Amino acid sequence: MTTAASDAAGALQAHRPMLLGLAYRLLGSRHDAEDVLQEAYLRWHGVDRSAVEEPRRYLSRVVTRLSLDRLRARQAARETYVGTWLPEPVPTAPSPFGPLDRAELRDSLSAALLHVLERLTPPERAVYVLHTAFDVPYAEIAEILDRTPEDCRQLHHRATTRIHQEQRRFTASRAERERLLDAFLAAARDGDLARLTGLVAADATAWNDGGGRVRAARNPVTGADRIARFYAGIYGPGRPMTVQPIELNGEPAVLITRADGSRYTLTIAAADGRITEIYVVGNPTKLPPAD
């Protein structure tokens, strides 16, 4: 590696966790985020770095723009995806995205919030992530997006309004979610419909992403009774599996391995003492490598 290439790689590596976390929050896919960082490196290697006063700011702009281009292109491809598309779960103990010591950084990684972000426009998502998770000023976001600061404020307001409408469904603490997750799995494995129904909110929704590669419900499962019957049926007595606790996206989760070798991650959202959302990812292209 030449000295110039080594210097370029070193500068990018110094900011890699933040940049990877930015791209991932914008895309919901670590695979895509890694691709964006590789392309950002090529652009960084080719620029006159002596003219760049703040490498972190410059690289954040490049990564954001590349992510938005990919996000827009992916929206068209999403129409052919089999079943529900969910964000790619990422192990975060340790975190590849750097410290998650602020609530904004941790919360913006959660499966529940990433799922809501999918319903925003790309500019809304970019402004929300940059300002809320990374505390980037509107004036700087305006330069990244080629908009005015006032436009960015309005985009953030629209995004925040929509997110707050959904956040009432995932207000439970980490400890409460962990308790509910353990209780839900125990009741499902026992096939106890009454216990399951009591743990799930009446208007709950279960989302399952198999990507057409493994067996998974292609449509959301809604309502406490249907959810209880569905998971008692697939996790109940006579369904051998191993369940491994794991931290994904900064929150408690489990990795389930079934007798046929198929693997699934399961995380939940909760509020008012009951599960409101269930997220199951079985698409093998999205799962952490097997041990």
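Residues numbered from 1 in each chain as written. Predicted model: local features only at pLDDT ≥ 70, side-chain atom pairs only at ≥ 80, totals over all residues. Heavy atoms only, no water.

**Student:** Just give me the short version of the pattern of salt bridges, but keep the residues and values in it.
**Tutor:** Within the structure shown, the criterion is met by 26 salt bridges. Here glutamate 34 ties to arginine 16 by a salt bridge, and the two come within 2.6 Å at their closest N and O atoms. Here the residue glutamate 34 occupies a position in helix 3 (residues 30–46), and arginine 16 occupies one in helix 2 (residues 16–27), the gap between them amounting to 18 residues. Classification of glutamate 34 as partly exposed rests on a relative accessible area of 24%. Of the residues examined, arginine 16 reaches a relative accessible area of 25% and is grouped as partly exposed. Counted as one network, the salt bridges with shared partners bring together Asp32, Asp35, Arg70, Arg74, Glu118 and Arg125. (Salt bridge = Lys/Arg side-chain N within 4 Å of Asp/Glu carboxyl O. Helix = DSSP H or I, 4+ residues; strand = E, 2+ residues; numbered from the N terminus. Buried < 20%, exposed > 50% of the residue type's maximum accessible area, 1.4 Å probe, protein only.)

**Student:** How would you sum up the sheet that holds strand 5 (residues 263–271)? Please name residues and give values.
**Tutor:** Ordered by their spatial adjacency, 6 strands build an open sheet running 2-1-6-5-4-3, and the pairing between neighbours is mixed. The open sheet has two edge strands with one neighbour each: strand 2 (221–222) and strand 3 (241–248). Direction of pairing for strand 4 (residues 251–258) relative to strand 5: antiparallel, over a ladder of 4 bridges. Of the residues in strand 5, the one forming a bridge with leucine 255 is threonine 265. Running at roughly 20° to strand 4, helix 10 (residues 174–190) makes contact with strand 1 (200–209), strand 3, strand 4, strand 5 and strand 6 (274–281) of the sheet. Packed onto the sheet, helix 12 (residues 224–235) meets strand 1, strand 2, strand 3, strand 4, strand 5 and strand 6 and runs at close to 45° relative to strand 1. (Pairing = 2+ DSSP bridges. Contact = heavy atoms within 4.5 Å. Axes fitted to C-alpha atoms, helices over the stretch in contact; angles between N-to-C directions.)

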